Amino acid sequence: MSGLLRLDGLTAGYGGATALDGVSLTLVPGEAVALLGANGAGKTTLMKAILGLVPAAGRVAFDGTDLAGVPTERRVRLGLGYVPEGRRVFPGMSVRDNLEVASFAAAARRRDRMERVFALFPQLRVKAADTAWRLSGGQQQMLAIGRALMGEPRLLLLDEPSLGLSPKLAAEVFAAVRAIADSGTAVLVAEQSTARALAVAHRVALLRLGTLLHDGPAEALPPDALRAAFLGVPGGVPGGDPLADARPGG
Ligand code: ATP
């Protein structure tokens, strides 16, 4: 399978420091892939390299097109959606207007798109006329994701959408991630909460210090790899396994 997104030997850094070291990864339509890794593992840098927001060596191909030299706004037009960390919405605008201005499509299509966002996040429909700053953190995250969906992406890059959310709201956001993938949009979601990501992702890509340690089905994730990625202890952790609840079924 050729894949919707293909990364080959993606390498990026800041100054002399390497943040991403030869990462190869493929995503197909309808697939939710969890990008796991500790603080500083390179998750954000990977997303930025895909978008062309940081200089990178190696190859990024989207739907068969090599993106070398392609500016970010064109990548977005080709079908890349991005929700950076931190729920960026226009706080002074209504929920409806936040969604409205996120699309360049004709009015009928925009309405259709907004309807889909409201179907995915019923809370946003209820709050449609409210200004965004009145929303809870979870609702703002939903709105940020909704804004990205207004651009009708074929691949959605989500950077730590559960950050700072209550477990209940984070679960709602993750249920939406799975629903987005099930509707045909590929999703790459960076996450530090392993348990949550594993519960919804089809596949897991595990980063450690810029290197891909593991790429495969969530249920086949080797416990040692998870431990190594988060704790840097390849052989195990004395006194038990602090990540025991992080594996599928845990
Ligand atoms: P986090 O969960 O903290 O966002 P991450 O997995 O997304 O972590 P990155 O933000 O991609 O990791 O960072 C990867 C490495 O690159 C880290 O060592 C980080 O300190 C470094 N780094 C990231 N951004 C910059 C920058 N603008 N300038 C210098 N170094 C950076």
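Everything quoted here is computed from the prediction, not taken from an experiment.

**Q** Before we move on, could you go through the overall build of the chain and cite the residues and values that matter?
**A** Within the chain one finds 9 helices and 10 strands. Against the globule reference of 18 Å for 250 residues, the chain gives a C-alpha radius of gyration of 18 Å, in line with a compact fold. Counting only C-alpha atoms and orienting by the principal axes, one finds that the chain spans roughly 55 × 40 × 35 Å. The buried share of the chain, reckoned over its 250 residues, is 48%. Taking the contacts inside the chain whose residues are at least 6 apart along the sequence as the reference set, 65% of them involve residues at least 24 apart. Put simply, the chain shows about 11,100 Å² of open surface, and 54% of that area lies on carbon and sulfur atoms. Averaging the positions of the 27 positive and the 23 negative side-chain charges in the chain gives two centres separated by 5 Å.

**Q** Would you mind going over the confidence of the model for the chain in detail, with residue names and values included?
**A** Residues with a pLDDT of 70 or more make up 92% of the chain, whose mean pLDDT is 88. Here residues 233-242 is a poorly scored stretch, pLDDT under 50, and it has 12 contacts once near neighbours within four places are set aside; other chains count.

**Q** Give me the lowdown on the sheet that holds strand β1 (residues 5-14), citing residues and values where you can.
**A** Strand order in this open sheet of 4 strands is β2-β1-β4-β5, and the pairing throughout is antiparallel. Both outer strands of the open sheet, β2 (17-27) and β5 (65-66), are each paired with one neighbouring strand and no more. Lying on the sheet, helix α1 (residues 43-51) is in contact with β1, β2 and β4 (56-62); it crosses β1 at an angle near 115°.

**Q** Go over the nonpolar core with me, naming the residues and quoting the values.
**A** If you look at the biggest cluster of nonpolar residues, it comprises 49 residues, and the most contacted ones within it are L124, I145 and L156. Looking at which element gives the most residues to this core, the answer is helix α7 (residues 167-182), with 8 residues. Other than its neighbours up to four places away in sequence, L156 contacts G81, Y82, V83, I145, A148, L149, I180, T185, A186, V187 and L188. Within the second largest apolar cluster, 30 residues are counted, among which are A12, L20, V60 and A186.

**Q** Explain the side chain of E160 to me, using residue names and the numbers behind them.
**A** Within the fold, E160 resides in the loop between β7 (155-159) and α7. With relative accessibility at 6%, the residue E160 sits in the buried group. Apart from the residues within four sequence positions on either side, E160 is in contact with K43, E85, Q141, A190, E191 and Q192.

**Q** Any chance you could break down the site of the ligand for me, citing the residues and the numbers?
**A** Residues in close proximity to the ligand total 13 residues, the closest being N39, G40, T44, T45 and E160. For the ligand, an oxygen atom lies 2.8 Å from a polar atom in the backbone of G40. In this structure, Q192 approaches the ligand through a side-chain N or O atom, which is 3.0 Å from an oxygen atom. Contact with the protein chains removes 56% of the 630 Å² of surface that the ligand exposes when unbound. For the shell around the ligand, the element with the most residues is α1, which contributes 3 residues.

**Q** Could you give me a rundown of the packing of helix α6 (residues 137-150) against α7, with the residues and numbers involved?
**A** Running from amino to carboxyl end, α6 crosses α7 at an angle of 15°, the nearest separation of the two axes being 9 Å. Taken together, the axes of α6 and α7 are roughly parallel relative to one another. Along this stretch, α6 crosses α7, giving a crossing that reads as right-handed. Residues G138, Q141, M142, I145 and L149 of α6 pack against L169, E172, V173 and I180 of α7. Of the residues contributing to the contact of α6 with α7, the split by class is 6 nonpolar, 2 polar and 1 charged.

**Q** Give a description of unusual backbone geometry that names residues and reports values.
**A** Even without glycine at this site, E160 takes up a positive phi of about 45°. With a phi close to 45°, L209 is a non-glycine residue in the positive phi region. Within the element layout of this structure, L209 appears in the loop between β9 (203-208) and β10 (211-217). Residue class for L209 comes out exposed when judged on its relative accessible area of 64%.

Scoring rules and cut-offs
Residues numbered from 1 in each chain as written. Predicted model: local features only at pLDDT ≥ 70, side-chain atom pairs only at ≥ 80, totals over all residues. Heavy atoms only, no water. Helix = DSSP H or I, 4+ residues; strand = E, 2+ residues; numbered from the N terminus. Rg over C-alpha atoms; globule rule 2.2 N^0.38 Å. Buried < 20%, exposed > 50% of the residue type's maximum accessible area, 1.4 Å probe, protein only. Contact = heavy atoms within 4.5 Å. Areas by Shrake-Rupley, 256 points an atom, 1.4 Å probe, with all protein chains shown as cover. Lys, Arg positive; Asp, Glu negative; His and termini not counted. Charge placed at Lys NZ, Arg CZ, Asp CG, Glu CD. pLDDT = per-residue confidence, 0-100. Pairing = 2+ DSSP bridges. Axes fitted to C-alpha atoms, helices over the stretch in contact; angles between N-to-C directions. Core = buried A, V, L, I, M, F, W, Y, C linked by side-chain atoms within 4.5 Å. Near = heavy atom within 4 Å. Polar contact = N/O pair within 3.5 Å; in protein donor to acceptor, adjacent residues only side chain to side chain. Parallel < 35°, antiparallel > 145°, perpendicular 65-115°, else oblique. Left-handed = near helix turned anticlockwise from the far one by under 90°. Nonpolar A, V, L, I, M, F, W, Y, C, P; charged D, E, K, R; others polar.

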